[in-house]
Amino acid sequence: MILYISKKIIYSFFVLLGTITLIFFLFNVLPGDPARMMLDKHEDSNQLELIKQKYGFDKPIYLQYFLYLNDVSPFSLHHNNDNSFTSLSSGKYQFYHLFNLSDYKIVFKIPYLRESFVRTNVSVFSILIETFKNTFILAITSISIALILGLFLGIISALYKDSFLDQFILFNSVLGMSLPSFFASILVAWFFGFLLHDYTGLNMTGSLYEVDDFGQGSYIQIKNLILPAFTLGIRPLSVIIQLCRNSLLEVLSLDFVRTAKAKGLGDMKVIFKHALTNSLNPVVTAVSGWFASMLAGAVFVEYIFAWNGIGKEIVDGLNKMDLPIVMGSVLMISIVFIIINILVDLIYVWLDPRIRLN
Amino acid sequence: MKDNKLLEFKNLVTEFHTEGNTIKAVNDISFCLNKGETIGIVGESGSGKSVTSLSAMRLIPNPPGIISGGEIIFHERTGRSIDLLKISEEEMRKFRGNDIAMIFQEPMTSLNPVFTCGDQVMEAIMLHQKLNKSKAEILTLELFEKVQLPDPKRIFSTYPHQISGGQKQRVMIAMAMSCQPSVLIADEPTTALDVTVQKTILELMQQLQAQNDMGIMFITHDLGVIAELADKVVVMYKGKIVEQGSVLEIFKNPKHPYTKGLLACRPPLDIRYKFLPTVSDFMNIDKDGEILDNGISVEDFTKNLAITKKERTENLEILFSKKPVLEIKNLKTWFPIKGGFFGKVSSHVKAVNDVSFDVYPGETLGLVGESGCGKTTIGRSIIRLEEATSGNIIYKGKDVCSMNADELRVFRKEVQIIFQDPYSSLNPRMTIGNAIMEPMQVHGILEDDIKRKLKVEELLLKVNLDPLHFNRYPHEFSGGQRQRIGIARALAVNPKFIICDESVSALDVSVQAQVLNLLNELKKEFELTYIFISHDLSVVKYMSDRMVVMQQGEIEEMGDADQIYNNPETEYTRKLIEAIPEGKIEDIEKHHKKKLSIK
């Protein structure tokens, strides 16, 4: 088990390295000069030079690449010269000094994702933490709704197979599955946030933290979570219903279910104890996939409900050529995927003792 | 005598309703199980024997099944009699697992894979005896001891996949015995197990029966198995009881043609027949589907069937005077077990370990051994479905292991394999005609599909199937028919050498006889050479000229099939032979005396 996890972590290190390399070179061959974009109309050659120096654009691309790696890595080399690009005295790193190596200091630090091009002097790390928190809350709420409701409806559907109720649930789940999220968002926002606003009291748009009317600070707005979480949950809900139903029906026809009945167990015990535990694997696969992609940003839903999450941040970053934000987000999302994958493997083992981690 | 009654079936009818069709799976049957008695219910698949047992438990899946008539009367220990079909579902639950317990055919799938063996047995105890967990645990451990599981404490906390098939069946028996039932229904409990394991399980069931004075309903398709176990036999055919009586009566003097057929179609161990009698040899079916006796007795039919010793030795002499067509020299097929951080190979499973033998043209070589002995791996290694670790497989002078792609294609055309499971070795989305035609297309046999189709129709006729079935799908056929399709597919490329890997193991004895006869006819007609792989020594002995007995990847004994059977040289072979339930009348009488003396 421990061997398996450590193996996974080492593999994921290479996955991350690959991701960083790919996005770095991808964004560096994109047309457009970020230095010029930052200056906009106030361009003059001196300032351009300064900006280029600050962000390291004046260096050859392979050097830029290694400097970026050095910044992102938790263990890094830093030159003692204060004018050096990697100098620790600039105050941008939060580090713990380990030891010296000739002219360099080796430190352990919080990965430094640089600063936003657009919002000057705001670190990408702090932006991502803020937006990721919002996305995480949104994702976990909607996946919980989808999972609980999905299992419930799936079980009902399987138990009353071919009845009117089953057909009704299935019809709606097919409808939900085929509803694109940008359309669902607009529909839900308009219907519950606008038409029924007087009854629901919900707003069409809004993030988890709102700045109050006097601009005196932000306060939490739980009710803004309801509509986006529901919208985001529609498709996974539909998928979970169908998976749960089909897999439960399959398991209910297996021999050990008959054994359980032959023991004299009641229906509830046969279904929940013996059948359901054996039919959860496909559901876990689906839920983990959906959850991971929700954490990667539910772009449409976040955009339409003006939810200040990571998906919205990436789109904004791309629009404004804010490369550090985009690169930082991609990196963060890869880490999220890796963690969820490992967690899911562990859940499989917990659910089914036949699975060996290898 | 009257107070001895335990479970009475009176005019039971169980129907299955499928789209506009009603099938009477069990049609008006009556019999009675007494205390301490074992009734063997015999019949081929689809005869309604399993449905009968499930009806007694009221576990018929509904829809489509429904018990539409009759009574099943259970006489309780207290003297009260209840019609199980009249009580509510909730009351019925109190009987299930408590007074009436059941063991199923497939120990591999009958236990829930996600709970430990101990948990699953404890569950029944806690449910019916209302005991707390720690007391139930003590009882479970005692039960495990009783069913002779090695190291009960360890088995208690293992999951089903971690123990062998025989052990799983013991866990199932422990579960069934947990509340000391008065009726035990065993639905083919040993069909999926090796003969030696089967023998121990049957002995265990007899012991437990003697201890509890329990009534056992033993369901099987093989008369031999129940010969030494049952007191009474009920023979079922197409939902009806065609004959019932005491074991001795049935074995000595079978009256119904179907029973005669069932008794005669088992491969005999002491003599060799030119072909096996089949059920249809003893009966005619009229246009209403009624069975008519054609008046032939088993003795009359088999009188001139035996092959004399002289004929056999002459045949063998001709056979072994030729050069071997296949030579296997020091074959090793090992499977690596990977472990450690970098997935390094830490050890090997030695599935086949240093095996050598020759096969002569026109011969049938039998490979026999229990599950896991490596017999299937040999078969797969020969046609390189599994790569050999070392050793040589020389076919007609060429080493198979070093053949290039072209040579291999020619080789695979000449050497075909027929697999074990007729249910899963055919693609369910391909018509059987196309399935048979596919290898011809791959190997470029005949110019176009029109000619190939004609050839397929010819092959279907050859294996006794209707050529008009070309466009049907596998699910429309029975197990025996599917195995014939598999045989036709193997024959499609005009092979010279066929490996039959447990080709009849999944079939009923009555169907098995037909397929074995077919294989022998085809062998003669196409001058084929067979390697016949099976766990069933009686079948292998009947089919083969020489026999190889295997154990744990190595050859235990090799030689003339009759000689090995008559004078086994090793302990293991002797054990295998002794474990075969032969169903001889002397054995039945001996068993009866033993049982009476216990009482």
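Residues numbered from 1 in each chain as written. Chains lettered and ligands numbered in written order. Predicted model: local features only at pLDDT ≥ 70, side-chain atom pairs only at ≥ 80, totals over all residues. Heavy atoms only, no water.

(A) Structural detail: the overall build of chain B. Helix and strand counts for chain B come out as 23 helices and 22 strands. Here the C-alpha radius of gyration of chain B, 26 Å, is about what a compact globule of 599 residues would show, namely 25 Å. Principal-axis analysis of the C-alpha atoms gives chain B an extent of 75 × 70 × 50 Å. By residue count, 55% of the 599 residues in chain B fall in the buried class. For chain B, the proportion of contacts with a sequence separation of at least 24, taken over those separated by at least 6, is 69%. Roughly 26,600 Å² of accessible area belongs to chain B as shown, and the carbon and sulfur atoms make up 49% of that amount. (Helix = DSSP H or I, 4+ residues; strand = E, 2+ residues; numbered from the N terminus. Rg over C-alpha atoms; globule rule 2.2 N^0.38 Å. Buried < 20%, exposed > 50% of the residue type's maximum accessible area, 1.4 Å probe, protein only. Contact = heavy atoms within 4.5 Å. Areas by Shrake-Rupley, 256 points an atom, 1.4 Å probe, with all protein chains shown as cover.)

(B) The domain arrangement of chain A, seen in detail. All names here are of chain A. Each assigned domain of chain A is listed here: domain 1 (2-109) and domain 2 (124-357). Between the C-alpha centres of domain 1 and domain 2 the distance comes to 35 Å. Of the residues lining the interface, 17 residues belong to domain 1; the matching set on domain 2 comes to 16 residues. Carbon and sulfur atoms make up 87% of the area that domain 1 and domain 2 hide from each other, which totals about 1,500 Å². Taken as a group, Tyr4, Leu16 and Phe27 account for 36% of the area that domain 1 buries against domain 2, more than any other trio of residues on that side. On the surface where domain 1 and domain 2 come into contact, there are one salt bridge. (Domains from an automatic or database assignment. Buried area = accessible area lost by both parts, 1.4 Å probe. Salt bridge = Lys/Arg side-chain N within 4 Å of Asp/Glu carboxyl O.)

(C) Just the pattern of salt bridges, in detail. Under the defined criterion, the tally for this structure stands at 34 salt bridges over all chains. When the shortest N-O distance is used, the salt bridge between Lys273(A) and Glu123(B) registers 2.9 Å. Pair noted here: Lys273(A) is in helix α11 (residues 267-279) and Glu123(B) is in helix α4 (residues 117-129), and the two residues belong to different chains. Salt bridges sharing partners connect three or more residues here, namely Arg272(B), Arg312(B), Lys541(B), Asp560(B) and Asp562(B).

(D) Structural detail: the layout of surface pockets. Taken as a whole, the second largest pocket holds about 1,200 Å³ of empty space. Considering the residues around the second largest pocket, the lining is formed by 29 residues, among which Lys261(A), Ile60(B), Pro61(B), Asn62(B) and Pro63(B) are closest to the centre. Breaking the lining of the second largest pocket down by element, the ones donating at least two residues are α5 (124-159), α9 (223-252), α10 (255-262) and α11 of chain A together with β4 (65-75) and α2 (89-95) of chain B. Ranked by the residues each element gives to the lining of the second largest pocket, the list is headed by α10(A), at four residues. Here the lining of the second largest pocket is built from residues that sort into 16 nonpolar, three polar and 10 charged. (1 Å grid on protein atoms, 1.4 Å probe; cavity = no way out; pocket = protein on both sides within 12 Å on 5 of 7 lines; lining within 4 Å. Points joined across faces, edges and corners; volume = space filled by probe spheres on them. Nonpolar A, V, L, I, M, F, W, Y, C, P; charged D, E, K, R; others polar.)

(E) The arrangement of the sheet that holds β4(B) in detail. Residue and element names in this part refer to chain B. The strand order β2-β1-β4-β5 describes an open sheet built from four strands, whose pairing is antiparallel. In the strand order of this sheet, the two ends are held by β2 (21-34) and β5 (81-83), each with one partner. Neighbouring strand axes in the sheet, compared pairwise and without regard to direction, differ in orientation by 5° on average. Sheet topology places strand β1 (residues 5-18) next to β4; eight bridges connect them, and they run antiparallel. Paired with Glu8 across the strands is Ile73, a residue of β4. (Pairing = 2+ DSSP bridges. Axes fitted to C-alpha atoms, helices over the stretch in contact; angles between N-to-C directions.)

(F) Highlighting the packing of aromatic side chains. Per the stated rule, a full pass over the model turns up 18 aromatic pairs over all chains. Taking the centre distance of 5.4 Å and the plane angle of 75° together, the rings of Phe13(A) and Phe14(A) count as edge-to-face. On the basis of relative accessible area, Phe14(A) is assigned to the exposed category, the value being 52%. Here the aromatic residues Phe24(A), Phe25(A), Tyr65(A), Phe66(A) and Tyr68(A) are joined through ring pairs into a cluster of three or more. The side chain of Lys273(A) reaches across the aromatic face of Phe115(B), ending 5.0 Å from its centre. For Lys350(B), the ring lying beneath its charged end belongs to Trp334(B), and the centroid distance is 4.7 Å. (Phe/Tyr/Trp six-rings, centres within 6.5 Å; stacked < 30°, edge-to-face > 60°. Lys NZ or Arg CZ within 6 Å of the ring centre and 35° of its normal.)

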